[in-house]
Amino acid sequence: DTAVSQTPKYLVTQMGNDKSIKCEQNLGHDTMYWYKQDSKKFLKIMFSYNNKELIINETVPNRFSPKSPDKAHLNLHINSLELGDSAVYFCASSLSGTGNTEAFFGQGTRLTVV
Amino acid sequence: QKEVEQDPGPLSVPEGAIVSLNCTYSNSAFQYFMWYRQYSRKGPELLMYTYSSGNKEDGRFTAQVDKSSKYISLFIRDSQPSDSATYLCAMKTGGNNRLAFGKGNQVVVIP
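Here is a short report on the structure shown in this document. None of the values given here were measured: they were computed from a predicted structure. (Residues numbered from 1 in each chain as written. Chains lettered and ligands numbered in written order. Predicted model: local features only at pLDDT ≥ 70, side-chain atom pairs only at ≥ 80, totals over all residues. Heavy atoms only, no water.)

With respect to the sheet that holds strand 8 (residues 71–76) of chain B
Residues and elements named next belong to chain B. Strand order across the open sheet formed by five strands is 1-3-8-7-6, with antiparallel pairing between neighbours. Sheet topology places strand 1 (4–5) and strand 6 (54–58) at the edges, where each strand pairs with a single neighbour. Pairing geometry for strand 6 and strand 7 (residues 61–66), over five bridges, is antiparallel. Residue pairing across strands places Glu-57 opposite Thr-62, the latter belonging to strand 7. (Pairing = 2+ DSSP bridges. Helix = DSSP H or I, 4+ residues; strand = E, 2+ residues; numbered from the N terminus.)

Here is the structure:
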């Protein structure tokens, strides 16, 4: 009964490769996010989708392309991986609207680029 | 100036001590203030949520928001080893759900 699940949990790959991370939520939320957490634990939003529509797109290299096939899924594809992309990537989901729209996070995908 | 400042220095306290954490911010449009707790190799989970200025208490945890000073705090009373985690402050405006996070404080409670 996992709420927000990401796969894979660990990903080790070489520079220049293309990789994807998948995320699914079963909470009935309409908004999903990708966050990046660097080695110093700083958590920064990358993208947000509401009902499959991109609503937040922070300053992220265009090698990163999110895709939301439906409101329960948000995948992240990364082209031409670089050493600096090594980080933990978290998927999250919430309901839209104001107020206490708690964001639920997945377990994270630890990406290591060698 | 970063939107949210949180001194990331690790904090070690003996069991039973009071832990005090704080964040400052620059965006006066922030209205919703949160504290997330993140255990090692896990995702963050919401610990406390406060709307606008004021205090909120939940068991051993107290969150305070002072919007006039753009300053928020989290206090943990009677700290336990199970409180050892990274604590991240987060905040958002009312316009969307974009959360701005602080850098996080790693707290270690020593038995």
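Concerning the interface of chain B and chain A
Every contact between the two is made by 19 residues of chain B and, on the other side, 26 residues of chain A. Of the roughly 2,000 Å² buried where chain B meets chain A, counting both sides, 51% is carbon and sulfur surface. Looking at the side of chain B facing chain A, the largest losses of area belong to B:Arg41, B:Asn97 and B:Phe101, adding up to 28% of the total buried there. The partner of A:Glu58 in a salt bridge is B:Arg98, with the nearest N and O atoms 3.3 Å apart. Run the count over chain B and chain A and you get three residue pairs in polar contact (both at pLDDT 80 or more). (Contact = heavy atoms within 4.5 Å. Buried area = accessible area lost by both parts, 1.4 Å probe. Salt bridge = Lys/Arg side-chain N within 4 Å of Asp/Glu carboxyl O. Polar contact = N/O pair within 3.5 Å; in protein donor to acceptor, adjacent residues only side chain to side chain.)

What to know about the layout of surface pockets
Within this model, the largest pocket holds a volume of roughly 390 Å³. Lining the largest pocket are 26 residues, and of these A:Gln37, A:Lys41, A:Val88, A:Arg110 and B:Arg41 sit closest to its centre. When contributions to the lining of the largest pocket are tallied by element, the ones reaching two or more residues are strand 9 (87–94) and strand 11 (109–113) of chain A together with strand 9 (85–92) and strand 11 (105–110) of chain B. Partitioned by chemical class, the residues of the lining of the largest pocket number nine nonpolar, eleven polar and six charged. (1 Å grid on protein atoms, 1.4 Å probe; cavity = no way out; pocket = protein on both sides within 12 Å on 5 of 7 lines; lining within 4 Å. Points joined across faces, edges and corners; volume = space filled by probe spheres on them. Nonpolar A, V, L, I, M, F, W, Y, C, P; charged D, E, K, R; others polar.)

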